[in-house]
Amino acid sequence: MSITFESELLGGSFGVIVHGGAGDVPDDRLPRHLEGCRAAAVAAREILVTSGTALDAVQAAVRVLEDDPVFNAGTGACLTSDATLELDAAIMDGSSLAFGGICALGPFKNPIAIARAVLNEAEHVLYAGAGADAFARAHGFEPVAPESLITEAARKKLASALAAGRPASFAGGTVGAVARDRSGAVAAATSTGGMSGKRPGRVGDSPIPGAGTYADSRGGAASATGHGEGILRVTLTAELVHALRSGVAVGSAARAAIELLSDRTGMTGGVIAVDARGRLGLARSTRTMSWAAEWDGGSDAGS
Ligand code: ASP
């Protein structure tokens, strides 16, 4: 399996890159995915340009994508085999290595805000299932009616996964963001409904440190998407950030991480990354992965 796309962008004193999920989005729907990614990157830019933190910027970007029903996170998240929502999200601050994650969370509108509350509280790193719901409630988040988050497209994807007798290898549309701010700090955030037709209780790579999400200001930050069972087993973002710490260029590090996923597990996916100098990179082995980037000197987007 080959890398179908790899890129490195210049970046600068600040920069952000977001993704809207590795997958195979039909060409006629790609403009809508790109539009969503661009809006998320601009939301992050507005924070970075006024010397806000990378952590706030990645949270803002992911929130925009969670609220966009096109993506598999928050509104529009895909469903378990029981037609329920079990949401995974995580956020990491590369300067302190503080991490907040929730997994198999119930119907809350913005899982990334709850992950941020976990990070801020700094008591534990990861909450699951009923405990994640209880943490959210205790911190002022109210669950919403599941119907307000479940889209027709998510129901259709579940129906085809159930008809095929197995979960879709991954749903596409997971969202993530990585950024570097003017102080030199980096951060990463990822949010997803996981796979259509996953078994209840299944947790993917997104909320696990070093699998779907990782940040260390001494190296850089990364957010992965794709077949979570493979990303977990190769600790994809930990490997990528380790390469950045050793001085590998960000585009090459992203490519190597996706090659590792393919070589060791035969699975596909994509990743976005930023290095400690603010250079942005991405790689994917899937046909599509919409993305958008903003930095002090420019912007770019693709799919
Ligand atoms: N990696 C996600 C998961 O396995 C799915 C995706 O990126 O589309 O939960």
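Shown above is the structure to which this text applies.
Residues numbered from 1 in each chain as written. Predicted model: local features only at pLDDT ≥ 70, side-chain atom pairs only at ≥ 80, totals over all residues. Heavy atoms only, no water.

Attention now moves to the site of the ligand. Surveying the vicinity of the ligand reveals 10 residues, the closest of which are Thr-174, Arg-202, Asp-205, Thr-225 and Gly-226. The side chain of Asp-205 places a nitrogen or oxygen atom 2.6 Å from a nitrogen atom of the ligand. Gly-226 is positioned with one of its backbone polar atoms (N or O) 2.7 Å from an oxygen atom of the ligand. Look at the ligand: alone it shows 270 Å² of surface, and the protein chains cover 100% of it. When the residues that make up the shell around the ligand are grouped by side-chain class, the tally is 1 nonpolar, 7 polar and 2 charged. (Near = heavy atom within 4 Å. Polar contact = N/O pair within 3.5 Å; in protein donor to acceptor, adjacent residues only side chain to side chain. Areas by Shrake-Rupley, 256 points an atom, 1.4 Å probe, with all protein chains shown as cover. Nonpolar A, V, L, I, M, F, W, Y, C, P; charged D, E, K, R; others polar.)

The next thing to look at is the nonpolar core. Counting 48 residues, the largest nonpolar core has Val-18, Ile-91 and Ile-102 as its most contacted members. Counting residues per element, this core draws most heavily on helix α2 (residues 54-66), at 7 residues. Apart from residues no more than four positions distant in its own chain, Ile-91 is found in contact with Leu-55, Val-58, Gln-59, Ala-98, Phe-99, Gly-100, Ile-112, Ala-115, Arg-116, Leu-119, Ala-188 and Ala-189. Membership of the second largest hydrophobic core comes to 37 residues, among which are Val-178, Ile-258, Val-274 and Ala-293. (Core = buried A, V, L, I, M, F, W, Y, C linked by side-chain atoms within 4.5 Å. Buried < 20%, exposed > 50% of the residue type's maximum accessible area, 1.4 Å probe, protein only. Helix = DSSP H or I, 4+ residues; strand = E, 2+ residues; numbered from the N terminus. Contact = heavy atoms within 4.5 Å.)

With that out of the way, let us pick up the side chain of Thr-225. If you trace the backbone, Thr-225 turns up in strand β9 (residues 220-226). Judged by its relative accessible area of 3%, Thr-225 is buried. Looking at Thr-225, its side chain comes within polar contact range of the main-chain nitrogen of Ala-22, at 3.0 Å. Thr-225 has contacts with His-19, Gly-21, Ala-22, Thr-174, Ile-231, Gly-269, Gly-270 and Met-289, leaving out every residue within four places of it along the chain.

Turning next to the packing of helix α7 (residues 236-245) against helix α8 (residues 250-265). Where α7 contacts α8, the two axes come as close as 9 Å, and the packing angle between them is 145 degrees. The way α7 lies across α8 gives a crossing that is right-handed. Of the residues in α8, those touching α7 at Leu-236, Glu-239, Leu-240, Ala-243 and Leu-244 are Val-250, Ala-253, Ala-254, Ala-257, Ile-258, Leu-260 and Leu-261. Residue composition of the contact of α7 with α8, grouped by class: 11 nonpolar, no polar and 1 charged. (Axes fitted to C-alpha atoms, helices over the stretch in contact; angles between N-to-C directions. Left-handed = near helix turned anticlockwise from the far one by under 90°.)

Interpretation in functional terms is not warranted from these geometric data alone.
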